[in-house]
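Next come the chains, spelled out residue by residue.
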Amino acid sequence: MIAANDEYLRGYMPRVFRFVDLLGCELHTINDPEDKLPVPQTRQIISIGLSTMLVQCVSVERAGSSGRPSVYIVSVREVPTEVHPFSRN
């Protein structure tokens, strides 16, 4: 039987994504306690709310253990709407 705090045995760990700008200022945080969101990839275009951003890099600030989430730092820069390939202009 798997204990409730042994999520890693089931193949997932709780995660937190901290989105920061190029100066390191935090823009947004997403908690992913059930490991349902994919880890953003470098050069991927993502949207959070009305903002469209380009992922510059992804690093792990803290690896999860003993029920503590892994914390991913996602450095992004805003993509102007007219440059975004999916814009409806």
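Just above sits the structure.
Each value, and the rule that gives it
Residues numbered from 1 in each chain as written. Predicted model: local features only at pLDDT ≥ 70, side-chain atom pairs only at ≥ 80, totals over all residues. Heavy atoms only, no water. Pairing = 2+ DSSP bridges. Helix = DSSP H or I, 4+ residues; strand = E, 2+ residues; numbered from the N terminus. Buried < 20%, exposed > 50% of the residue type's maximum accessible area, 1.4 Å probe, protein only.

## Things to note about the pairing of strand 2 (residues 26-32)
Point 1. Bridge count between strand 1 (residues 15-20) and strand 2: 6 bridges; the pairing is antiparallel. When the bridges of strand 2 are listed, Arg 15 appears paired with Asp 32.
Point 2. Hairpin remark: strand 1 followed by strand 2, antiparallel, with 5 residues in the connecting loop; positive phi at Gly 24, about 90°.

## Comments concerning unusual backbone geometry
Point 1. Positioned with a positive phi, Asp 35 is a non-glycine residue whose angle comes to about 55°.
Point 2. Tracing the backbone shows Asp 35 in the loop between strand 2 and strand 3 (45-48).
Point 3. The partly exposed category is assigned to Asp 35, whose relative accessible area is 23%.
Point 4. Phi at Arg 43 takes a positive value of approximately 75°, unusual for a residue other than glycine.

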